Amino acid sequence: MSRASRGGMSRNAGSDIKAAYLFIAPAIIGFTVFVVYPLVRSFYLALTKYNGLTDPIFVGLGNFRRLFTVDPAFWPSLRATGYLVVLYVPLSLILGLALAMFCNQRFAGVRVVRTLAYLPVVLPAIATITLWKFILDPQVGLLNAVLDRLGLPTSLWLQSPSMSMPAVVLVMLWGVGGTMIIFLAALQAVPNELYEAARVDGAGSWSVFFRITMPMISPIMLLQVILQTTAALQTFNQPKILTNGAPGFSTNVLMLSIYKNGFPNLGQIPQLGYASAQVWVLFVLIIAVIALTAKFSSLWTYSDNTPD
Amino acid sequence: MTTLPTEAAEGTVLTAQTARSPKKPRLIGTTSWYVVALFISAVMVVPLLWMITIGLKSRTAVFDLPPKLLPHEFTWSNFVNGPEAIHFPRLLLNSTIITALSVLGGVMTAMMAGYALARLRFPGRKVWFYLFVGSMLLPGVVGLIPLFQLYKSIGWYDTWLPLIVPAFLGGNPLFIFLARQYFLAIPYSIDEAAKIDGAGHFRIFTSVMLPLTRPAWITMAILAFQASWNDFLNPLVYLYSSNKWPLSVGMASFISPFAGKTPDWSYYMATNLLYMLPPLIVFFAAQRYFIQGLGSLGSTTQK
């Protein structure tokens, strides 16, 4: 662009602006169509009765009233979602960190273990979930066969109202390698001098862990808590394929309930307004988790910037 | 950038296995480490090996009681008949087209946006950056119903467009964020030099920036590949005709019980192995970038 260089500062800035908007135009259009529009539209739909064919009918907070007071499936779906989060997130963080610390040591073959632990994350989610559906089969599945041979109690797993959710979480935990790899990056960023100094001072393994490792990786821990919780709140694939919400409502998480209301089987009327109201309940839950975690993060995360 | 897992560990791990390192104290003894390592490896590998044995069993042997770990006779034909019954070639072609286009679109538009946000001065630069980053927090499900109706009204329902077009419109804000971070790290003297040589922004972007940011867009391409190849909810909602389905929906529908028919597990597992192969190949070919991509997520918050 010879003209830009000839035109001095202001001309140059002008061409920058034009170029910049050309470069981000796709992202801006995308932001408008796929973020702003759905956000506004979905909020409006949450306040309507809408079957997708005729015009939406405004019902105010009617959908929310029905959710919280009438619908027999809503509270169980909220409970199932909460149970999943409470079971999955701590286990995923603890196992992920333990695995990362295990793989952060110097042993021949540690790379193989690390690769194998990460392998399930690489495989298509649907492929692994369906595989586990068969592993968890009470009669012909691998898990009960192994437990039986070891003399351990077997279970109906996905067919048992009490074990179905733990089984779903077990399948999710097979992908704990994803959490591991992020903790591993965090662990390897901890300066070795800190460990050496602690060693010189005669600190034991536990105090090294709680006074050096944990504070140093706490920002990553915070990020992980937020990401994992918001992802767990939106779990869909596992319950959809493994149980479709059964038995009873034991695994009928919020996302599955939204899907069933909004996109029901042929012959049933879609309740898009009602499903949108559920979406907003989920959305508010997610915002609340992020806000609360961020608010209380200063209590347990370490930062080397002095707070203002 | 912080140290990435592979680079730090790879060289040292294999050579210095016996020397007690002053850097990283061992938490447990060698024997117990290997016992745990064996257990972890078994948990990860045994389900996959079992999948292969199911794929090799005959249709009825799958239901033998008690279940046997190894097949009596190897039914290799499952690897031909299974994919045929599931229409695997068709699904594979669909998945390949959808994934290739959404990887291309996602990486391209994120790189462009990242370039503008990092290296060009324009009013609204900060605002757009925060808006894009903020939209990462928006759960995807919020868009599901309004976009479903939108696609329906413009005739995109039951086409691949809802799975592809969003990628070409900056679909993944995480990519925009990553691209910007990479672009910020490149010295500005390079642009200056290119500008003096008479290169415009398009030239600088394509022939100077793209080669310099290769690790960034390879990482993004891998993440985009995984996201699209694994996507289940979107094609489930937006595609009705089974001949347009990608692998995720096609595979899942084969084993969903309907009309009281028990799914054919040996066919399924044989095909499942084929379904896993493309991501596996990508993983082993570009392992470094997989780890880097996730590591960069961690390191961005750790300054």
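Treat the numbers as computed from the prediction; the structure is a model and nothing was measured. (Residues numbered from 1 in each chain as written. Chains lettered and ligands numbered in written order. Predicted model: local features only at pLDDT ≥ 70, side-chain atom pairs only at ≥ 80, totals over all residues.)

What follows concerns the overall build of chain A. Across its full length, chain A carries 14 helices and 2 strands. Overall size of chain A, expressed as C-alpha extent along the three principal axes, is 80 × 75 × 40 Å. By the burial criterion, 44% of the 308 residues in chain A qualify as buried. In chain A, once contacts between residues fewer than 6 apart in sequence are set aside, the share between residues at least 24 apart is 68%. (Helix = DSSP H or I, 4+ residues; strand = E, 2+ residues; numbered from the N terminus. Buried ≥ 20, exposed ≤ 12 C-beta atoms within 10 Å, placed from the backbone. Contact = placed C-beta atoms within 7 Å.)

Another point: the domain arrangement of chain A. All names here are of chain A. Split into domains, chain A comes out as domain 1 (2-46) and domain 2 (71-300). Contacts between the two partners involve 4 residues from domain 1 and, on the opposite side, 6 residues from domain 2. Partitioned by chemical class, the residues of the side of domain 1 that touches domain 2 number 3 nonpolar, 1 polar and no charged. (Domains from an automatic or database assignment. Nonpolar A, V, L, I, M, F, W, Y, C, P; charged D, E, K, R; others polar.)

The next subject is helix H13 (residues 254-262) of chain A. Within H13(A), 9 of the 9 residues are buried, leaving the element largely enclosed by the surrounding structure. Along H13(A), the residues classified as buried are A:Leu254, A:Met255, A:Leu256, A:Ser257, A:Ile258, A:Tyr259, A:Lys260, A:Asn261 and A:Gly262. In this structure, the buried side of H13(A) is in contact with helix H4 (74-103), helix H12 (237-242) and helix H14 (272-300) of chain A together with helix H6 (141-153) of chain B.

Turning next to the confidence of the model for chain A. Residue and element names in this part refer to chain A. The predicted model of chain A has a mean per-residue pLDDT of 87, with 94% of residues at 70 or higher. Looking over chain A, one finds the lowest element-wise mean pLDDT in helix H1 (residues 2-6), namely 41, and the highest in helix H8 (residues 164-173), namely 96. Scored below 50 in pLDDT, residues 1-11 makes 8 contacts in the model with residues more than four places away or belonging to other chains. (pLDDT = per-residue confidence, 0-100.)

Taken together, the contact between chain A and chain B spans 85 residues of the former and 91 residues of the latter. If one sorts the elements of the side of chain A that touches chain B by residue count, helix H2 (residues 8-46) of chain A sits on top with 23 residues.

Attention shifts here to unusual backbone geometry. Cis geometry marks the peptide bond from A:Ala246 to A:Pro247, where omega comes out at -15°. Assignment of secondary structure puts A:Pro247 in the loop between H12 and H13. Even without being glycine, A:Asn244 reaches a positive phi, approximately 55°. Among the structural elements, A:Asn244 can be located in the loop between H12 and H13. Of note in this structure, B:His87 is not a glycine but carries a positive phi near 60°. Looking at where B:His87 falls in the secondary structure, it is placed in the loop between helix H3 (78-86) and helix H4 (88-119).

This part covers the domain arrangement of chain B. Residue and element names in this part refer to chain B. According to the domain assignment, chain B contains domain 1 (5-79) and domain 2 (82-299). Elements with a contribution of two residues or more to the side of domain 1 that touches domain 2: helix H1 (5-15), helix H2 (30-56) and H3. Ranked by residues supplied to the side of domain 1 that touches domain 2, first place goes to H2 with 4 residues. Along the lines of polarity and charge, the residues of the side of domain 1 that touches domain 2 split into 6 nonpolar, 5 polar and 2 charged.

Ranked by size, the top nonpolar core spans 115 residues in total, and within it A:Leu84, A:Cys103, A:Met180, A:Phe183 and A:Leu282 carry the most contacts. The leading source of residues in this core is H4(A), at 12 residues. Ignoring sequence-local partners within four residues, the contact set of A:Leu84 consists of A:Met165, A:Val168, A:Val169, A:Ala232, A:Thr235 and A:Val253. If you look at the next biggest cluster of nonpolar residues, it comprises 38 residues, including A:Ala19, A:Ala27, B:Tyr115 and B:Ala216. (Core = buried A, V, L, I, M, F, W, Y, C linked by C-beta atoms within 7 Å.)

Right, let's get into helix H14 (residues 265-285) of chain B. Here H14(B) is 21 residues long and its end C-alpha atoms lie 30 Å apart, about the 30 Å a rise of 1.5 Å per residue gives. Its maximal kink placed at B:Leu277, H14(B) deviates by approximately 35°, while the proline B:Pro278 follows within four residues. All of the buried residues along H14(B) are B:Trp265, B:Ser266, B:Tyr267, B:Tyr268, B:Met269, B:Ala270, B:Thr271, B:Asn272 and B:Tyr275. Along its buried surface, H14(B) packs onto helix H6 (125-135) of chain A together with H2, H3, H4 and helix H13 (247-255) of chain B. (Expected span 1.5 Å × (residues − 1). Bend = angle between axes of the 7 residues up to and from the residue.)

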